[in-house]
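Summary of structural features
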Amino acid sequence: KIKSDDFNKIPGSPVAYWVSEKVREIFDVSPSLSLIAETRKGMVTGSNENYVRSWYEINTSTFGSTGYSRESAKKSGLKWFPYNKGGGFRKWYGNNEYLVNWENNGLAIHEYSNIPLTFNGAPVRAKQYYFRECASWGLVSSADFNARFYPQGYIFDVGANAVFSEDVIYYLAFFNTYIANNL
């Protein structure tokens, strides 16, 4: 038996009756991830069929591989950049299958959504984090929790939540532990 207020210790207050008192205590005394690192949801293109491709579908002369920053991507004149959409279970690294049309800072996506290039909110939220190194996990999963490393040069999708920190490798290591999966 537990008090219903004990569920409030867990973010989102799920009715997780099977959670031990020790786990509830961990949530109660530990800071949330968003207080110790920067966490963000990514972009929604609004029309993946128009703006997202598999890497083998595009002309390689229009492709900006990893390593680009927001500034260098814009200056490059290239159209397609690596796009992290989350994806199925894969720990540490992988699910690098997609590219997004981010030519001229995503002008086509902004025009499709009828928003100015200076706009930084849904659907093109967190633009200041685009192209930054991160650890990322899928929004939806039927498997165990897992996270992957994405080097500098990726834009991330709403289906690929991400954490940004100088200590990103430490977060990645923790996220892929049995403890993090249980939490």
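Along each chain, residues carry numbers from 1 onward, in the same order as the chain's sequence is written. For a predicted model such as this one, the threshold for reporting local features is a pLDDT of at least 70, and the threshold for listing and counting side-chain atom pairs is 80 or more; totals across whole chains, interfaces and linings nevertheless cover every residue. Water and hydrogen atoms were dropped before computing side-chain values, which therefore reflect all heavy atoms in the structure.

Some words on the pairing of strand β3 (residues 80-84)
A simple rule labels every residue: compare its accessible area, found with a 1.4 Å probe on the protein chains alone, to the largest value its type can have, and call it buried under 20%, exposed over 50%, or partly exposed in between. Helix and strand labels come from DSSP, where a helix needs a run of H or I of at least four residues and a strand needs a run of E of at least two; each type is numbered from the N terminus. Within β3, 5 of the 5 residues are buried, which leaves the element mostly enclosed by the surrounding structure. The rule for pairing is simple: two strands pair if DSSP sees at least two bridges between them. Here β3 pairs with strand β7 (residues 155-156) via 2 bridges, running parallel. Pairing of Y83 across the sheet is with I155, part of β7.

Points about the nonpolar core
Joining through side-chain atoms within 4.5 Å is the link that ties buried Ala, Val, Leu, Ile, Met, Phe, Trp, Tyr and Cys residues into a set, and such a set is a nonpolar core. Residues M43, V100, W102, Y130 and I155 are the most contacted members of the largest nonpolar core, which totals 23 residues. The contact partners of I155, leaving out residues within four places of it in the chain, are M43, P82, Y83, N84, V100, W102, Y130 and F131. Ranked by size, the runner-up nonpolar core spans 10 residues in total, among them A37, V163, V168 and F175. The contact definition used throughout considers only heavy atoms, calling two residues in contact when any of these lie within 4.5 Å.

Concerning the sheet that holds β7
Strands belonging to one sheet form pairs held by backbone hydrogen bonds; the direction of such a pair is parallel or antiparallel. The strand order across the open sheet formed by 4 strands is β2-β4-β3-β7, and the pairing between neighbours is mixed. A single partner strand is all that each edge strand has here, and the edge strands are β2 (52-54) and β7.

Observations regarding the packing of aromatic side chains
When two rings of Phe, Tyr or Trp (its six-membered ring) have centres within 6.5 Å they constitute a pair, described as stacked for plane angles under 30 degrees, edge-to-face for angles over 60, and tilted for the intermediate range. Taken as a whole and judged by the stated rule, the model has 14 aromatic pairs. Ring centres 5.3 Å apart and planes at 75° place the aromatic pair W102 and Y130 in the edge-to-face group. Here the residue W102 occupies a position in the loop between β4 (98-101) and α5 (107-112), and Y130 occupies one in the loop between α5 and β5 (134-138), the gap between them amounting to 28 residues. For Y130, a relative accessible area of 1% gives the class buried. An angle of 90° between the planes, with centres 6.0 Å apart, marks the rings of F145 and F175 as edge-to-face. A residue pair is termed long-range when its members are at least 10 positions apart, and F145 in the loop between β5 and β6 (148-150) and F175 in helix α6 (residues 168-175) qualify at 30 residues. Owing to a relative accessible area of 30%, F145 belongs among the partly exposed residues under this scheme. Taken together through their ring pairs, the aromatic side chains of W102, Y129, Y130, F156 and F164 make up a single cluster.

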